[in-house]
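# Residue-level structural notes
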Amino acid sequence: MTAYRFITAEKANHRIRLMCRVLQVSRSSYYAWVARPPAGSRDRGLAARIRAIHKRSGGTYGCPRVTAQLRQDGLTVNHKRVARIMREHGLQGIPRRPRGRASQPERQAADNLLQREFTVSRPNEAWVGDITYLPVAGGWAYLAVLIDLYSRKVVGWAVGAEQRTELCLAALRRALATRPDVHGLVHHTDRGSQYTSDAYQRELARNGIRASMSRKGNCWDNAVAESFFATLKQERVRGEPYPSVQAARRDVSDYVHDFYNAHRLHSANGYRSPVDQEALHRSNGLTSDP
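These numbers were taken from a predicted model, which means no experiment stands behind them. (Residues numbered from 1 in each chain as written. Predicted model: local features only at pLDDT ≥ 70, side-chain atom pairs only at ≥ 80, totals over all residues. Heavy atoms only, no water.)

Turning to the confidence of the model for the chain, a few remarks are in order. Chain-level pLDDT for the chain is 86 on average; 90% of the residues reach the 70-or-more range. Element-level mean pLDDT values for the chain span from 48 in helix α7 (residues 103–108) up to 98 in strand β3 (residues 154–160). Below a pLDDT of 50 lies the segment residues 96–107, which in the model reaches 26 contacts outside its immediate sequence neighbourhood of four places, other chains included. (pLDDT = per-residue confidence, 0-100. Helix = DSSP H or I, 4+ residues; strand = E, 2+ residues; numbered from the N terminus. Contact = heavy atoms within 4.5 Å.)

Right, dumping it as structure tokens:
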């Protein structure tokens, strides 16, 4: 950088070719540096994108999710830079859910069996689950989902006014109603108290399901669920509040069943929909559940 600045300062007195040779820098690198926008303008452009993502999330996204969305949009960016810009512009996320006493979930947290192995060989080998916020007039609704890692199909979901264990249980029971043969399945979530609760763990045990949980504070261990929420909010919610929890529930049902599962082309499936991915699995004569 110092050499480039010197060349710029002295170019009226000396030839650029000569200075580059003497200072042992390439002319192409120097001209690329000259053409590069100033750091401030680069930050202004990134800040605009960060503000748009934060607004689209209903003000819920913090640095990890904003960074994840930027990378999904094809931008290579360091999370520390995103965090700095968010601080400078007064942008912050909201807690994903009240944790209560940290010691209780920690005592009950399961090991991370999944270990970020997001590619599996058949349906009902592994599901991932999570909860997110949806903006509604005067507050929030909460969406719990379970996603089959093989096809990325949403196999269970529930929308409610409170982020309690009952919400996650409703999503789990909806999944079990259509996929009853799940013995040995790996069920991966974060360490939220809804998932570590006795009621939820008993339901898993009754069905022979093995619990797996992300490491503390590591959203990348559950990246598939995070990606689904980002897709839902980008394609359907777009930060606009629903008039009611019931309206949010209807819209999620329409998105999941009429578009996402049945028709949306998913890159992880070779641009097949989740339903078509599972149909292909069955047509190949492989053991599969519905």
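Okay, the packing of aromatic side chains next. Per the counting criterion, the structure on display carries 10 aromatic pairs. Residues Phe228 and Tyr255 carry aromatic rings whose centres are separated by 6.5 Å and whose planes lie at 50 degrees to one another, so their mutual orientation is tilted. On the criterion of sequence distance, the pair formed by Phe228 in helix α11 (residues 223–237) and Tyr255 in helix α12 (residues 245–260) is long-range, its members being 27 residues apart. Classification of Phe228 as buried rests on a relative accessible area of 3%. By the ring-pair criterion, three or more aromatic residues cluster together here, those being Phe228, Phe229, Tyr255, Phe259 and Tyr260. If you follow Arg174 out to its NZ or CZ, it ends over the ring of Trp157, 4.1 Å from the centre. (Phe/Tyr/Trp six-rings, centres within 6.5 Å; stacked < 30°, edge-to-face > 60°. Buried < 20%, exposed > 50% of the residue type's maximum accessible area, 1.4 Å probe, protein only. Lys NZ or Arg CZ within 6 Å of the ring centre and 35° of its normal.)

There is a patch of nonpolar side chains on the surface, built from Phe6, Leu18, Val22 and Leu23 and spanning about 350 Å² of accessible area. It is helix α2 (residues 16–23) that contributes the most residues to the nonpolar patch, 3 residues altogether. Tracing the sequence through the fold places Leu18 in helix α2. (Patch = residues over 30% accessible without salt bridge, like charges linked within 9 Å, V, L, I, M, F, W, Y side chains within 5 Å. Areas by Shrake-Rupley, 256 points an atom, 1.4 Å probe, with all protein chains shown as cover. Salt bridge = Lys/Arg side-chain N within 4 Å of Asp/Glu carboxyl O.)

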